[in-house]
Amino acid sequence: MRTPREISLLAAILCGAVVLILSLGLLPTGTDAAEEVVLYSGRHYGQEAAFEAFTKKTGIQIRTLNGETGQLFERLKAEGDKTPADVLITVDAGNLWNAARAGLLSPVASPELQKNIPAHLRDPENRWFGLTMRARTIMYNVTKVNPADLSTYDALGDPRWKGRICLRTSGYIYNQSLLATMIKRHGEPKTEEIVRGWVANQPILINGDTKILEAIAAGQCDVGLTNTYYLARLLAKSPNFPVVPFWANQQTTGTHVNVSGGGVTTHAKNRANAIKFLEFLSSTEAQQMFADTSLEFPANPKAEVHPIVKAWGPLKQDDINVAAAGEFQAAATRLADRVGYR
Amino acid sequence: MSLVVLSEVTKRFHPDRPPAVDRLSLAIARGEILALLGPSGSGKTTILRLIAGFESPDDGRIMLGGRLVVEAGHERMTAVPPEQRQVGIVFQDYALFPHLTVEANVAFGLHALTRAARGERIREILHLVGLADLGRRYPHELSGGQQQRVALARALAPAPALLLLDEPFSNLDADLRAQMRDEVERVLRSTGTTAIFVTHDQEEAFTIADRVGVLDRGRLEQLGAPETIYHEPATRFVAEFVGAADFLPGIVTSEGIVTEIGTFANVQARAPGERVRVMLRPDDVTFVAGHDGEGIILRRDFRGSETLYRLGLPSGDRVHSSQPSSAAFTVGTRVHLEVPAIHVVTFPAE
Amino acid sequence: MLIASATGKPIVARLSPWTLAAWGIAAFVGIPLLAVLASWRDPAVDVWAHLWRTQLAELTMNTLLLVAGVGAGTLTLGAGLGWLVVAYRFPGRALFEWALILPLAVPAYVIGFAFLGLFDFAGPVQSALRQWFGDAARLPELRSGPGVALMMTLVFYPYVYLLARTAFREQGLATLETARSLGRSRLRAFFAVVLPMARPSLVAGASLAMMEALADFGTVSIFGYRTLTEAVYRVWNGMFDRMAATQLASLLLAFALVLLLLERALRGRRRFTQSQRRGPGVDPVPLRGWPAAAASVVCGLVLVLAFVLPIGQLLLWAADVIRSWRLSPDFVAWLGATFLLAGAAAVMICVLGLTVAYARRLHPSPSVRFAAQCSSMGYALPGAVIAVGVLAPIAWLDGVLGVVAEWALGRRLGLLLTGSACAVLFAYAVRFLTIGFQTLDASLGRIPSSFDEAARSLGVSVGGTLRRIHLPLMRGSVLTAFILVWVEVMKELPATLLLRPLGMKTLAIEVWERTSESMWADAAIPALAIVAVGFFPLFLASRLTSDAWRR
């Protein structure tokens with residue numbers, strides 16, 4: 001062996017061999033050793049306990065591929081009817097709506113799912129079901145703000161909050177969902193007015209909910225809009241954290257809520273197992289685990305919330321179907337761009 | 001038999017500029033050392049590269065050792081790649097491989113030999129160039145002269161029929177240059193290697209070469225023995241490029257060529273009445289001091305063993321004279337010029 | 001180069017296996033780029049109109065400023081530091097020489113996040129300042145254009161530093177001495193002679209840094225700085241419009257093209273000129289007193305900001321969880337997967353990059369040069385866009401293979417290529433080929449063409465010359481290229497995320513899973529593992545490139 005051509009050839013063969021070995025490992029065998037459900041998940045925290053419980057109970061293995069939601073879509077679309085995925089779980093109702101619209105999810109007839117999950121937290125056509133709920137509401141510094149001054153999302157546009165607000169950037173999916181449901185509720189012109197009000201108050205834009213909460217605690221701003229579970233986690237670590245949620249719009253439409261959830265893929269190979277899986281995740285047992293580990297609200301109202309969350313008091317949710325988050329997401333994004341909400 | 005034959009070789013680098021090599025034809029005999037002399041840009045390095053195979057001609061043919069190595073024509077192009085031409089090259093920058101020892105450098109072209117034969121050959125060639133105990137050294141540990149010897153050894157090790165040298169001595173200091181010239185010539189003669197070397201230094205060319213080719217802008221102005229080139233330049237360019245020259249106007253008469261300083265024999269049989277310029281080299285012109293002399297010393301340059309004088313003539317023309325420094329003349333001295341010229345070279349006056 | 005024919009028969013001229021290989025490679029990595037351009041067959045007019053009205057100008061300007069800032073910053077910092085450690089002696093030089101490469105081992109957004117965590121309003125530094133000096137004490141806002149540019153300069157300067165250092169060292173005594181003998185002081189000699197001669201390497205390094213800045217999403221997202229790349233993700237995820245996002249990504253390609261043209265112009269047309277006395281290297285001048293202290297301080301400061309602080313932050317986070325952490329078999333699997341993918345990609349890319357670089361040396365024709373540049377464009381595209389661009393053709397190929405397999409074997413197979421390491425490696429090649437190519441090409445260019453000719457005249461073929469002359473002289477570079485690609489692939493996220501085989505997870509993905517939910521404490525350990533795995537190769541690369549081709 002001497003010439004570089006031979007060396008290159010050798011190297012190429014070596015690489016090819018490596019690649020082949022990796023690929024061969026994935027050729028589907030005739031029958032699987034055990035029953036399984038293949039899950040593509042855009043959510044990758046706080047669910048291991050529930051999955052293990054499912055496997056222990058039913059003996060069905062769960063193989064998970066985690067990824068960014070947008071990318072998982074593309075992969076599912078590219079794989080077409082050869083996809084190994086049975087279930088798609090993702091965060092944010094808008095993403096679920098989008099997946100259903102793209103034909104990636106199929107309707108599931110399951111009385112249990114319908115019983116466990118409230119109507120406004122699942123797809124009217126039963127293609128997806130919310131599994132955990134999170135509220136996006138006003139967070140404030142207890143030492144600096146009187147809760148009597150807080151009322152609605154719109155009220156944050158009041159000039160008294162000038163320079164005192166911290167927000168996520170408009171590109172953040174949960175913000176977009178918030179705006180989307182506002183558009184469905186109030187229509188675009190009114191929503192535009194509301195957001196203009198926020199922008200006029202020169203909000204400090206921080207790209208992290210936890211960071212917003214820390215900023216509120218440190219005094220960089222006095223109020224902000226974040227998801228509830230971030231605060232819950234901070235409180236779990238340091239119980240004296242000086243930030244408290246204020247349930248917005250309690251007197252009017254109710255606080256905006258969002259879900260993470262999933263559905264059965266259109267080309268699922270293990271359809272029955274998939275449905276069983278989803279049903280288990282919606283059961284009180286699994287819902288309790290979600291509530292306890294990730295400190296979110298369970299979608300199933302029969303499960304108990306974590307004590308930290310309970311301490312925040314009862315919550316009146318906006319009962320508009322969360323699918324609105326998807327319906328009006330594009331419009332919300334454009335609206336934000338138009339009014340200069342970065 | 002000629003080892004190297006170039007026929008009507010042309011090479012163009014830019015379509016709208018004159019060619020770098022222009023219809024060059026040349027034949028070199030086996031064992032001959034040829035010098036290509038010319039100013040920069042005259043195409044001499046290009047010719048080497050064409051012979052070596054690193055450039056291909058746009059027109060013409062090159063044959064090495066009776067074998068056609070490249071032919072360009074209107075439709076066809078044939079070429080033997082450089083690695084198959086068996087032509088050795090010594091580069092101006094030596095191009096010694098820095099990551100190999102002297103031995104490994106020299107051995108580089110010897111892959112056809114067995115290990116034993118290779119070792120023998122390396123010893124032989126290093127001995128030939130006088131670097132017998134430096135085999136284990138690396139190029140950067142050697143002096144300039146030593147590096148050049150390694151380059152020479154490396155090129156000669158595979159016993160090529162032809163050796164090309166591209167300004168091989170230009171990187172050396174003056175005294176080393178002379179020494180290396182002798183060395184290289186000795187090595188070449190003893191191995192009987194045909195060599196072409198490129199230089200802009202006329203002294204170098206004259207010392208080593210059997211024949212000298214003078215190039216100007218891609219054209220071969222003259223090819224001949226050094227004495228011929230010097231004493232019988234074919235064109236004015238050659239006359240001026242090789243050695244210093246002055247040109248004195250003259251008229252051809254039946255008695256000879258009449259010039260300001262005297263009459264010269266009409267060796268080249270020019271027609272009477274023709275206006276010419278007579279070439280005079282400094283070593284052709286002598287003078288004696290004389291207060292009624294026609295010439296006057298304008299300038300004096302001491303050059304060591306000889307002194308160069310610039311002499312002014314009544315007409316305003318100038319000639320130079322080279323005299324041994326033992327006799328010193330001062331500026332302003334009136335002199336009689338004498339030209340005991342054996343060679344009389346004239347050119348038509350433009 | 002003409003193909004051999006000693007018999008004198010006519011041959012087709014100008015075609016050589018190397019040229020074909022170069023074109024082939026360019027076509028191969030060009031496929032996803034074509035996929036990006038192909039998205040234009042259905043222009044998302046309304047999205048474009050919207051972007052035009054609201055933010056396109058701002059995005060373009062932001063991107064331009066960022067890229068320019070990073071280019072200028074990394075050039076200054078990288079070249080400056082490179083010269084400092086090569087030409088002078090000062091306390092700590094031996095350490096700094098290799099340590100200044102270390103920021104490469106850390107994913108850019110990790111450095112960004114750690115930095116932000118430390119210097120943000122709510123972070124320890126500003127809190128301390130407020131404690132001591134009252135509420136009015138503030139640092140300038142980091143979440144701004146200059147802030148991001150500074151951040152990225154600190155993260156990406158090693159590209160320039162590494163290549164600059166090698167180039168400066170390899171210039172050797174001759175260049176500097178020549179300049180000095182002409183009466184210039186050391187510093188002026190640097191600017192007048194050494195710097196211009198090192199231009200190809202410097203420009204190569206800077207263009208790598210700029211393309212990284214162009215394609216970056218993580219850091220600009222954390223800093224809230226709106227660039228074109230950020231807009232690509234925004235349109236994709238926010239407007240559910242992948243076509244429009246891909247069309248937007250083609251703007252990035254335009255940027256990359258401009259960058260490459262700029263780079264070509266700046267590199268200069270000279271192939272290479274250097275005297276043969278490339279001897280023992282530059283002799284460092286010892287500094288004393290103020291200059292020595294200043295040198296140490298500058299190097300130390302850069303190292304602290306770009307590496308020590310972020311690692312310190314990671315270690316602090318890790319300390320939170322270290323007690324409950326266990327070395328699980330999963331972790332070993334992630335480690336193994338990371339190694340495997342990085343190693344395979346590095347080998348593949350070095351081979352491909354060398355092929356293209358050598359083809360360009362042999363045949364500097366416009367078509368080969370164009371092929372070389374095409375293969376460099378992928379670097380400017382965000383990994384996610386490349387991943388999607390890879391997905392489509394691979395899925396198509398899978399479909400074809402499926403049909404063939406069904407016809408041949410009579411049974412349906414699942415996915416063969418999609419979701420196999422093939423797809424990921426393909427994406428890596430598209431994205432990172434330029435690293436291998438630039439490094440090897442710059443180093444190849446430092447070998448005088450007379451070496452090639454000497455070897456050829458001694459009867460060695462083109463391939464033999466590569467093996468016996470070029471590769472030995474490029475050893476340091478080959479290893480550097482290997483290590484740079486290795487480290488990049490280890491850190492790579494979006495393409496790996498999308499295209500990896502089911503069940504395969506790398507350390508980078510584990511880090512991402514944790515950090516996307518702000519669980520930094522949990523992310524710290526895999527992040528530190530990434531750094532650790534990259535640490536030794538980088539150290540090795542540094543040592544080996546410091547002694548170019550001498551034993």
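It should be emphasised that the depicted structure is a prediction, and the values quoted were computed from it without experimental measurement.

Here the focus is the overall build of chain B. From N to C terminus, chain B includes eight helices and 21 strands. In terms of overall dimensions, chain B has a C-alpha envelope of 80 × 55 × 35 Å along the principal axes. Expressed as a percentage of its 350 residues, the buried residues of chain B come to 42%.

Let's shift gears to the overall build of chain C. Counting its regular elements, chain C contains 23 helices and two strands. Within the span of chain C, comprising 551 residues, buried residues form 56% of the whole. For chain C, contacts bridging at least 24 residues in sequence account for 83% of all contacts bridging at least 6.

The next point concerns the sheet that holds strand β11 (residues 219-224) of chain B. The strands making up a sheet associate through hydrogen bonds between their backbones, and the pairing can be parallel or antiparallel. All names here are of chain B. Pairing in this open sheet of six strands is mixed, and the strands run β7-β8-β9-β3-β10-β11 from one edge to the other. Of all strands in the sheet, those with a lone pairing partner are β7 (87-90) and β11, marking the two edges. Neighbour to neighbour, the strand axes of the sheet diverge by 20° on average, direction disregarded. Bridge count between strand β3 (residues 33-37) and strand β9 (residues 194-199): five bridges; the pairing is parallel. For A35, the partnering residue across the bridge sits in β9 and is F197.

What follows is about the packing of helix α1 (residues 17-38) of chain C against helix α16 (residues 383-409) of chain C. All names here are of chain C. One can describe the packing of α1 onto α16 by two numbers: an axis separation of 8 Å at closest approach and a directional angle of 95°. Taken together, α1 and α16 sit at an angle that is classed as roughly perpendicular. Contacts between α1 and α16 involve I31, P32, L33, A35 and V36 from the first element and V385, I386, G389, V390, A392 and P393 from the second. When the residues that make up the contact of α1 with α16 are grouped by side-chain class, the tally is 10 nonpolar, one polar and no charged.

Bringing the interface of chain C and chain A into the picture now. The interface is formed by 50 residues belonging to chain C together with 52 residues belonging to chain A. Breaking the side of chain C that touches chain A down by element, the ones donating at least two residues are α2 (45-54), α10 (218-223), α11 (228-238), α14 (329-362), α16, α17 (421-445), α19 (462-473) and α21 (494-499) of chain C. At six residues, α16 of chain C tops the list of elements feeding residues into the side of chain C that touches chain A. Here the side of chain C that touches chain A is built from residues that sort into 28 nonpolar, 16 polar and six charged.

It is worth spelling out the arrangement of the chains at this point. Highest in contacts among the two pairs of chains that touch are chains A and C. At no point do chain A and chain B touch; the closest pair of C-alpha atoms across them sits 13 Å apart.

Now for the sheet that holds strand β15 (residues 275-280) of chain B. All names here are of chain B. Sheet architecture is open: five strands sit in the order β14-β13-β12-β15-β21, paired in antiparallel fashion. For this open sheet the edge positions go to β14 (262-264) and β21 (345-348), each flanked by a neighbour on one side alone. Within the sheet, the average angular offset between the axes of one strand and its neighbour, ignoring direction, is 40°. Where strand β13 (residues 257-259) and β14 come together, three bridges link them in antiparallel fashion. Its bridge partner lying in β14, V258 is registered against T263.

Ranked by size, the top nonpolar core spans 292 residues in total, and within it V160, A345, A380, A427 and V485 of chain C carry the most contacts. Each of domain 1 (2-240) and domain 2 (245-348) of chain B contributes no fewer than three residues to this core. In this view, A345 of chain C contacts L425, Y428, F432, V485 and V489 of chain C; residues no more than four positions away in its chain are not counted. Core analysis: the second largest hydrophobic core is formed by 98 residues, V37, A100, V243 and F277 of chain A among them.

The next point concerns the domain arrangement of chain B. Interface size is commonly expressed as the accessible area that is lost once the parts come together. Residue and element names in this part refer to chain B. Domain boundaries assigned for chain B yield domain 1 (2-240) and domain 2 (245-348). Taken together, the contact pairs six residues of domain 1 with five residues of domain 2. In terms of residue count, the dominant contributor to the side of domain 1 that touches domain 2 is helix α8 (residues 236-241) (three residues). Taken together, the residues of the side of domain 1 that touches domain 2 sort by class into two nonpolar, one polar and three charged.

With that settled, consider unusual backbone geometry. Peptide bonds are, in most cases, trans, and in most cases residues other than glycine have a negative phi. For L295 of chain A, which is not glycine, the phi dihedral falls at a positive 60°. As for its placement among the helices and strands, L295 of chain A is situated in the loop between α11 (284-294) and β11 (297-298). Look at L295 of chain A and you get buried, because 24 C-beta atoms sit within 10 Å. Even without being glycine, A95 of chain B reaches a positive phi, approximately 50°.

The next point concerns the environment of F54 of chain A. Residue and element names in this part refer to chain A. Within the secondary structure, F54 is located in helix α2 (residues 48-58). Taking the C-alpha atoms as reference points, F54 and A331, separated by 277 residues in sequence, lie 39 Å from one another. Ignoring anything within four residues of it in the chain, the contact list for F54 reads I60, I62, F277 and F280.

Regular strands place side chains that alternate from one sheet face to the opposite one. Where strand β17 (residues 295-302) of chain B meets strand β20 (residues 334-338) of chain B, two bridges bridge the pair, whose relative direction is antiparallel. In the strand pairing of β20 of chain B, I296 of chain B is matched with R334 of chain B.

All names here are of chain C. The contact between α14 and helix α15 (residues 366-374) brings their axes to 9 Å, and the two run at 155°. One element, α14, and the other, α15, form an angle in the roughly antiparallel class. The handedness of the crossing between α14 and α15 is left-handed. Counting all contacts with α14, which are made through V356, A359 and R360, the residues of α15 involved are V368, R369, A371 and A372. Its residues placed into classes, the contact of α14 with α15 shows five nonpolar, no polar and two charged.

The next point concerns helix α5 (residues 108-119) of chain C. All names here are of chain C. Taking 1.5 Å per residue as the helical rise, α5 with its 12 residues ought to reach 16 Å, and the 16 Å between its terminal C-alpha atoms agrees with that figure. The element α5 is largely enclosed, with a buried count of 10 among its 12 residues. Every buried residue of α5 is listed here: A108, Y109, V110, I111, G112, F113, A114, F115, L116 and G117.

What follows is about the confidence of the model for chain C. Residues and elements named next belong to chain C. Averaged over every residue, the pLDDT of chain C is 82; residues scoring 70 or more account for 89%. A low-confidence stretch, residues 1-13 stays under pLDDT 50, and its non-local contacts, those more than four residues away or across chains, total 23 contacts. Here residues 270-279 is modelled with pLDDT under 50, and outside its nearest four sequence neighbours on either side it reaches 22 contacts, counting other chains as well. Under the prediction, the complex receives an ipTM of 0.81, its pTM being 0.79.

Conventions adopted
Residues numbered from 1 in each chain as written. Chains lettered and ligands numbered in written order. Predicted model: local features only at pLDDT ≥ 70, side-chain atom pairs only at ≥ 80, totals over all residues. Helix = DSSP H or I, 4+ residues; strand = E, 2+ residues; numbered from the N terminus. Buried ≥ 20, exposed ≤ 12 C-beta atoms within 10 Å, placed from the backbone. Contact = placed C-beta atoms within 7 Å. Pairing = 2+ DSSP bridges. Axes fitted to C-alpha atoms, helices over the stretch in contact; angles between N-to-C directions. Parallel < 35°, antiparallel > 145°, perpendicular 65-115°, else oblique. Nonpolar A, V, L, I, M, F, W, Y, C, P; charged D, E, K, R; others polar. Core = buried A, V, L, I, M, F, W, Y, C linked by C-beta atoms within 7 Å. Domains from an automatic or database assignment. Left-handed = near helix turned anticlockwise from the far one by under 90°. Expected span 1.5 Å × (residues − 1). pLDDT = per-residue confidence, 0-100.

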